[in-house]
Amino acid sequence: MNELKKVLLKLKNEFDTRQVAGDEPLPMTAFKAPLQAVSERNRVFLWINVSMLLVVFGLSIFLVYHFLDNAKALAAVFGGMGISLTGLISYMTYLWRQIVAIDLAIAMADRLQPEMILSIINSLLSRIDPPAKKKKKS
């Protein structure tokens, strides 16, 4: 379970507990602070991925120049690099979506009633764990 999901589930449980007990709604600071920490952590990982991607592109240019006369070796090197490049881009996209969702939720939280926090939490949870798509029967 990733950290964002843990934070969201903890917030949801706290919100539910307060609602059952009849306490005041979850304060905005209790909602925003843990999400901001996850967003900042993901942003660091995103920049690491971006820099790794730039290194891979720089290395690609160097390899094309170095193996200009040996097309078979160049094809083998790029075949292996393609798998890692796809993984980098996939993880970078995943982190970017999390950062945008968190930042949007924090921005919306300032404009909504404290009672609406649960809907924001549920919305974020649905973006992390989308429901399984039903397969079409042939």
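First, a word on what this report is: a plain description of the structure on this page. (Residues numbered from 1 in each chain as written. Predicted model: local features only at pLDDT ≥ 70, side-chain atom pairs only at ≥ 80, totals over all residues. Heavy atoms only, no water.)

This brings us to the nonpolar core. Counting 21 residues, the largest nonpolar core has Leu 4, Leu 8, Leu 11, Phe 31, Leu 35, Ile 121 and Leu 124 as the members making the most contacts within it. Elements represented by at least two residues in this core include exactly helix H1 (3-21), helix H2 (28-66), helix H3 (71-111) and helix H4 (117-128). Considering each element in turn, this core owes the most residues, 7 residues, to H4. Every residue in contact with Leu 124, bar those within four places of it in the chain, is listed here: Leu 8, Leu 35, Ala 101, Ile 102 and Ala 105. The next biggest cluster of nonpolar side chains, apart from the first, holds 11 residues, and it includes Leu 46, Val 56, Met 81 and Leu 95. (Core = buried A, V, L, I, M, F, W, Y, C linked by side-chain atoms within 4.5 Å. Buried < 20%, exposed > 50% of the residue type's maximum accessible area, 1.4 Å probe, protein only. Helix = DSSP H or I, 4+ residues; strand = E, 2+ residues; numbered from the N terminus. Contact = heavy atoms within 4.5 Å.)

A few words now on the pattern of salt bridges. One pass over the structure, following the stated rule, counts 1 salt bridge. A salt bridge links Asp 103 to Arg 43, with the nearest nitrogen and oxygen atoms 2.8 Å apart. With Asp 103 in helix H3 and Arg 43 in helix H2, this residue pair connects regions lying 60 residues apart in the sequence. What makes Arg 43 partly exposed here is its relative accessible area of 31%. (Salt bridge = Lys/Arg side-chain N within 4 Å of Asp/Glu carboxyl O.)

Between its first and last C-alpha, H3 extends 58 Å over 41 residues, near the 60 Å set by a 1.5 Å rise per residue. In the structure, H3 departs most strongly from a straight axis at Gly 82, where the bend amounts to approximately 25°. (Expected span 1.5 Å × (residues − 1). Bend = angle between axes of the 7 residues up to and from the residue.)

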